[in-house]
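Observations on chain architecture
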Amino acid sequence: MKIYLDHASTTPLKKEVLDAMTPYFCQYFENANSLYSGGRQTANAVALARQSVAKNFGCMPNEIYFTSGGSEADTWALKGIALAHKSKGNKIIISQIEHHAILNTAKWLKNNGFEVVELPVDNNGFVSPQKLEELIDDNTILVSVMYVNNEVGTIQPVKELAKICHDHKVLFHSDCVQAVPYLPLNFKELGFDLASISAHKFNGPKGVGALYVRNGVKIDKLILGGAQERSHRGGTTDTPAIVGLAKALELVQDSRDNHNSHVESLRNYFEQLVKEAIPFVHFNGGSPRVGSVSNLAFEFVESEGILMLLDMDGIAVSSGSACASGSLDPSHVLLSMGVPIEVAHGSVRFTFGEENTKEEVEYTVKSLTKIVERLRQMSPLFNLKQGETHNV
Ligand SMILES: *Cc1c(COP(=O)(O)O)cnc(C)c1O
């Protein structure tokens, strides 16, 4: 038995995507920036991919810059805008629940003379547009708020946030990495100035993503090198990866509605079974949230124990966020939502995907129930709690 419930961490590559990529490894391998016909052929494949990606996001092809993934796109957006606009101001606002690619870049900027202000979230995991308006001042150059949070799945009011930024002549970036599989994205309608995506979160290859930069927005380079990506991002063009990203995105566009209803019904079924079977569980993240994510916190247990025992039953899940796992720090997302630290320590994230089934959900809840019971039996706090209840 092998059950994969960690789709927010990465997803399997689709066969159709692999088939689209394959010719560009050995057969059409030529450098897309060379002048001979082989190079023109690969350049053409990249141009078609860029057109297709731009069409899916409602923008111009020359507003799409391919990168090595979401982390590069996020890092580039923050550093590139901060450095290009520092004569106007030095304040950057990010939400408290951003991915580490944004958090750690913001930290770097702070160490390099910029002011970084965090926009808080409420107990349900949402930022407040009013609060953003209060934080923006004449010194503010950029606001970055993710569309969909990777740990709890909450959908932020990004369109409203972008409007507030524009009213104050401030640029708005959104990390859309987790949004692509679930929400149709039209960057123009949403009013974004910059947006990040990553192919491996929607059944594309790892190591490729894109940054959308609205025409007219000045941005410094992150990766220096040759004239690739209209002289904005050096490095020999990764033709197969870019072709794969575009193909995966086309497949997502075609199947998004079916995919959403499939994962959402699995997730709801899962949460219903958990509610029935396991006491003292917190369901983290309010509505609206994407249909695939279930973030649970089990009182009186540590998530590491649950993860290890689930793995022995063939079930792959992660605690809070993949980036935080390996360290014992509880999730910054849950803490900023006001989840008590001891509860956050027992949090596990289940993220469903296309290939999951109802039977897998049932098997998982059975295994989980047994594991949580077993771990709680070893917990002095839980036994104390049980004692209290018995004495009443
Ligand atoms: C996975 C993820 C990233 C990083 O993308 P990579 O392509 O793995 O570098 C950034 N932001 C969010 C919200 C993510 O989930």
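Computed from a prediction, not measured in an experiment: that's the story for all the values here.

**What about the domain arrangement of the chain?**
Each domain of the chain was delimited in the assignment, giving domain 1 (3–7 + 256–379) and domain 2 (15–252). Measuring from the centre of the C-alpha atoms in domain 1 to the corresponding centre in domain 2 gives 28 Å. Listed per partner, the contact involves 26 residues of domain 1 and 26 residues of domain 2. Roughly 2200 Å² of surface becomes buried between domain 1 and domain 2 when both sides are summed, with 54% attributable to carbon and sulfur atoms. Interface area lost by domain 1 to domain 2 is led by R256, V290 and M337, which between them contribute 30%.

**Quick word on the site of the ligand**
Near the ligand lie 13 residues; those nearest to it are S71, D175, Q178, S198 and K201. In this structure, S198 approaches the ligand through a side-chain N or O atom, which is 2.6 Å from an oxygen atom. Here an oxygen atom of the ligand and a side-chain polar atom of K201 are 2.7 Å apart. For the ligand, whose unbound accessible area comes to 380 Å², protein coverage reaches 88%. At three residues, the largest contribution of residues to the shell around the ligand is made by helix α4 (residues 70–84). Taken together, the residues of the shell around the ligand sort by class into two nonpolar, eight polar and three charged.

**Looking at the sheet that holds strand β12 (residues 318–319)**
Strand order in the open sheet made by the four strands is β9-β10-β13-β12, with antiparallel pairing throughout. Of all strands in the sheet, those with a lone pairing partner are β9 (281–284) and β12, marking the two edges. Strand direction decides the pairing type here: strand β10 (residues 293–298) and strand β13 (residues 347–351), joined by five bridges, are antiparallel. Looking across to β13, one finds that N295 is bridged to R349.

**Brief notes about the sheet that holds strand β6 (residues 171–175)**
If you trace the seven strands from one edge of the open sheet to the other, you get β2-β8-β7-β6-β5-β3-β4, paired in mixed fashion. Looking at the sheet topology across the chains shown, the edges are occupied by β2 (64–67) and β4 (115–119). Taken over all neighbouring pairs, the strand axes of this sheet differ in orientation by 20° on average, direction set aside. The sheet contact formed by strand β5 (residues 140–144) and β6 spans three bridges and is parallel. Residue L142 lies in a different strand from β6, and its bridge partner there is L171.

About the thresholds
- Every chain is numbered on its own, with residues counted from 1 as its sequence reads.
- With pLDDT at 70 or above as the cut-off, local features in this predicted model cover only qualifying residues; side-chain atom pairs require 80 or more to be listed or tallied, and sums for whole chains, interfaces and linings still use all residues.
- The side-chain figures draw on all heavy atoms in the structure; neither hydrogens nor water molecules are used.
- Residue ranges assigned to each domain were obtained from an automatic or database domain assignment.
- The contact criterion used throughout is that any non-hydrogen atoms of two residues lie within 4.5 Å.
- Here the quantity called buried area is the total loss of accessible area, with a 1.4 Å probe, experienced by two parts when brought into contact, counted for both.
- Proximity is defined per residue: if any heavy atom of the residue lies within 4 Å of a molecule or strand, that residue is considered near it.
- In the analysis that follows, any N or O atom pair within 3.5 Å is treated as a polar contact, provided that within protein one partner can donate a hydrogen and the other can accept it, and provided that, for residues neighboring in sequence, both atoms belong to side chains.
- The Shrake-Rupley method, run with a 1.4 Å probe sphere, supplies the accessible areas, and residue values consider only the shown protein chains as cover.
- Helix and strand labels come from DSSP, where a helix needs a run of H or I of at least four residues and a strand needs a run of E of at least two; each type is numbered from the N terminus.
- Amino acids are sorted into nonpolar (Ala, Val, Leu, Ile, Met, Phe, Trp, Tyr, Cys and Pro), charged (Asp, Glu, Lys and Arg) and polar (every other residue, Gly among them).
- Following DSSP output, two strands are said to pair if at least two bridges run between them.
- Interaxial angle, 0 to 180 degrees, is taken between N-to-C directions of lines fitted to C-alpha atoms, where a helix line uses only the stretch in contact.

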